[in-house]
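# Structure assessment
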Amino acid sequence: MKKFSYFLAAVLFFSGFQLKAHEGMWIPMLLRQNFAAMQRMGLKLTPEQIYSVNHSSLKDAIAGLSNSPNPQGFFCTSEIVSDQGLLFTNHHCGFESVQKHSSVKHDYLKDGFWAMSKKEELPDKGLTASILVRMADVTDSIVPFLSDTMTSQQRSAIVRPIISRLKKANADSGKYNVVIKPYFEGNKYYMLVYIVYRDVRLVGAPPSSIGKFGGDTDNWMWPRQTGDFTIFRIYTAPDGSPATYSIKNIPLKPKYHLPISLDGVKEGDFAMVWGFPGSTNRYMTAPELEFRMQHYFPPLIEAFGKKLEVWKKHMSANPAVQLKYASNYAMIANSWKYFIGQMRGVKKQHVIAKKKAFDEQFAKWVSENPERQAKYGTALKDMTDAFASESKTIEPLIYASITGMQGAELLSFAQKFGSIEGILKQVKETKDKAQKAKKMERAKKMAATLAEKLQKAYKDYDMPTDRDVFAAMTKMFFEKVPENLHPEYLDKMMKKYKNNFGAFANYVFEKSHFSTEAKAKAFLANPTLKEIEKDPAYILSQAYMAKLMDASSGYRAAAGNLAKGKRLFMEGIMKMQPDKVFYPDANSTLRYSYGKVEGYYPRDAIHDLYQTHLYGVMQKEDSTNPEFIVPKKLKELYETKDYGPYGENGQQDVDFLTTNDITGGNSGSPVINGKGELIGLAFDGNWEAMSGDIAYIPKLQRTIVVDIRYVLFIIDKYAGDTRLIDEMTIHKAVPQPDRVEATTAGAAATK
Ligand code: ARG
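Residues numbered from 1 in each chain as written. Predicted model: local features only at pLDDT ≥ 70, side-chain atom pairs only at ≥ 80, totals over all residues. Heavy atoms only, no water.

### Looking at the overall build of the protein
Scanning the protein from terminus to terminus reveals 28 helices and 21 strands. The C-alpha radius of gyration computed for the protein amounts to 27 Å, which stays within 12% of the reference 27 Å derived for 751 residues, consistent with globular compactness. Oriented by its inertia axes, the alpha-carbon framework of the protein measures out at about 95 × 70 × 60 Å. Looking at the protein as a whole, 58% of its 751 residues are labelled buried. (Helix = DSSP H or I, 4+ residues; strand = E, 2+ residues; numbered from the N terminus. Rg over C-alpha atoms; globule rule 2.2 N^0.38 Å. Buried < 20%, exposed > 50% of the residue type's maximum accessible area, 1.4 Å probe, protein only.)

Below, the structure written as structure tokens:
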């Protein structure tokens with residue numbers, strides 16, 4: 001599952017239940033917490049082989065993907081699968097990158113992309129891969145200096161300098177990216193030391209008809225037959241150190257890479273997942289959940305739903321638009337379905353009632369003695385109050401950001417002209433001639449840089465689509481956001497246009513300098529203050545921004561003692577259940593989860609089996625539905641049963657299920673068997689357990705995995721990129737004639 005990242009998730013951040021079965025996203029350095037349990041389930045490795053700071057170990061093969069040179073978190077997970085830095089992740093993780101390299105002529109999203117030599121591998125400027133060098137518990141350097149009577153501002157004033165000192169002391173003069181994060185709501189702090197590789201190149205991606213087979217219809221669902229993988233490679237400077245792109249760079253020589261098993265999986269097999277889960281709220285209380293159900297999800301679903309509807313209309317009508325909006329559409333459609341599924345799951349699983357019962361148990365425990373009263377007595381109330389007050393401010397904030405500021409792309413283009421306006425103002429106000437000329441010179445330079453930046457933005461822009469989005473989003477803003485947060489300009493224009501949003505949109509797009517690349521370029525060749533200041537898109541974007549600031553300051557003020565309430569509640573429930581081993585909520589740091597291969601029972605009398613096959617692809621084939629097209633070559637391979645070493649008994653397995661506990665950010669995570677071999681890539685969760693980020697449901701919650709043998713089958717037989725197969729370490733157990741089960745000792749490379 002990919003991590004959702006858009007504005008709201010960043011502004012709103014957003015846990016008890018008895019720990020069950022395979023629940024938990026565990027901290028790597030505390031491997032021993034679950035080691036015995038994992039051994040009982042089939043793990044054959046030693047702790048040192050998995051997580052070691054002194055020797056190479058499994059953790060050295062796990063890399064977090066980000067678009068930042070110094071990432072604080074990761075949108076997806078990837079793993080190294082060769083001694084030349086080859087990386088596997090999901091197709092939906094590489095989607096944006098594949099789209100950026102595509103054009104209508106070379107549509108890699110549609111046709112797939114395969115570099116047949118290292119020379120053909122495509123650099124992805126900005127994409128980074130981070131590997132955890134080590135981690136440490138730094139709680140004792142921070143928490144003793146804090147107290148419950150401090151405000152959150154006072155706390156951060158103390159925490160901030162300690163963190164920067166720790167970062168400096170551990171970065172080895174800039175060699176490492178050091179990240180320090182609160183765990184357990186700030187009751188603990190851990191330091192993560194990463195090495196960040198900054199030259200990551202696209203190596204191969206199947207066509208979307210394989211990598212995204214089933215599309216949004218099958219997304220978040222089982223049974224599934226998706227080949228959700230994409231291949232990258234990490235490059236380094238010739239001396240092996242991280243470097244940004246250069247033709248002199250060489251493939252990474254990793255400390256460790258995962259061997260791959262061709263033995264397949266069967267129900268009950270041990271499975272371990274390593275990766276970077278983004279965020280969960282497993283210790284969330286009932287008031288927060290009620291808040292989400294009533295005030296948070298509904299406006300998000302409404303606003304995103306509308307935008308998707310407009311996009312879809314234009315995308316279906318025009319293949320060029322289809323390509324331009326594919327990545328943004330997929331991202332929002334994915335979150336949109338997630339919100340709907342989560343609401344549905346919370347209702348169906350009676351999560352609020354369960355949370356209420358737990359909150360009551362906690363309240364009773366607190367009331368049992370005066371010390372507890374003094375320490376934890378206000379925790380629940382602080383949270384309840386905060387959500388009561390946030391419930392008044394959240395909806396306008398969501399509408400204002402999604403339908404206003406982020407409504408149309410035009411407004412974000414216009415926003416970018418803010419700095420030019422600033423400098424042109426200075427030009428105007430400067431009297432001294434020489435000074436004036438100097439400033440004008442700077443404005444021209446800024447304009448040139450902006451023109452260059454905009455070129456990339458306009459590549460994926462379609463004006464008629466955006467104009468319709470603008471009309472629909474402006475209408476929703478106008479109707480849903482309270483009047484005190486309306487820009488005056490908007491109200492004035494709506495009077496003039498008699499609430500005809502389409503007509504207003506026509507006016508804005510006609511008049512604005514930013515609605516086409518040509519207009520924007522012409523303007524930037526000779527920018528004037530007067531023209532910016534009367535540009536309707538510019539006026540609106542500035543006004544939306546100002547109103548959004550108003551709305552979010554109201555929202556922040558409403559938070560009150562929320563952080564304190566959460567921290568004390570977390571500390572309290574841990575004291576209340578002294579024998580339970582707790583795991584912290586996901587926070588985009590490296591975690592492991594363990595479980596086994598297993599199907600489930602979604603409804604009465606229905607048993608969903610753990611595995612799908614290529615014939616399932618054929619059963620779903622629908623040449624009239626873009627989500628269910630099967631590429632010709634794949635059909636041929638199916639018909640001739642040309643599966644090579646990747647099939648079994650005349651069949652090609654495709655996807656399978658495990659009981660691992662994962663969430664967004666784990667997308668692309670390696671699924672590893674008891675011998676430490678790669679058996680698949682985690683890529684999704686199932687519809688029946690969509691409330692899983694709030695409450696794990698052992699009987700229903702599954703991780704959906706693409707079988708590594710399907711991945712290799714596509715690389716080898718479908719794409720013919722055999723050079724990639726040759727560089728991997730592939731294991732296949734050799735059946736012993738006098739013994740039924742396959743042996744580890746007999747493991748041998750097939751190549
Ligand atoms: N649900 C998956 C996740 O959150 C994304 C799958 C992408 N596929 C799709 N049809 N949109 O990571």
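### Let's talk about the packing of aromatic side chains
The full count for this structure, using the stated rule, is 36 aromatic pairs. Pairing Trp365 with Tyr376 gives two aromatic rings, centres 5.8 Å apart and planes at 35 degrees, and the pair type is tilted. Of this pair, Trp365 sits in helix α12 (residues 351-367) while Tyr376 is found in helix α13 (residues 370-376), placing the two residues eleven residues apart along the sequence. On the basis of relative accessibility, which here comes to 12%, the residue Trp365 falls in the buried class. A relative accessible area of 5% places Tyr376 in the buried class. An aromatic cluster is built from Trp220, Tyr296, Phe297, Tyr338 and Phe339, whose rings are joined through pairwise contacts. Seen from the ring of Tyr51, Lys59 lies directly overhead, with NZ or CZ sitting 5.7 Å from the centre. Positioned above the aromatic ring of Tyr235, the side-chain terminus of Arg201 is 3.6 Å from the ring centre. (Phe/Tyr/Trp six-rings, centres within 6.5 Å; stacked < 30°, edge-to-face > 60°. Lys NZ or Arg CZ within 6 Å of the ring centre and 35° of its normal.)

### A few points about helix α21 (residues 517-525)
Buried within α21 are the following residues: Ala520, Phe523 and Leu524. All buried residues of α21 lie within an arc of 95 degrees about the axis, which places them on one face of the element. Turned more than 90 degrees off the buried face of α21, the exposed positions are Ala518, Ala522 and Ala525. (Arc of directions from axis to C-beta.)

### Digging into helix α23 (residues 536-558)
With 23 residues, α23 extends 33 Å from end C-alpha to end C-alpha; this agrees with the ideal 33 Å at 1.5 Å per step. Listing the buried residues of α23 in full gives Pro536, Ala537, Tyr538, Leu540, Ser541, Ala543, Tyr544, Leu548, Ala551, Ser552, Tyr555 and Ala558. (Expected span 1.5 Å × (residues − 1).)

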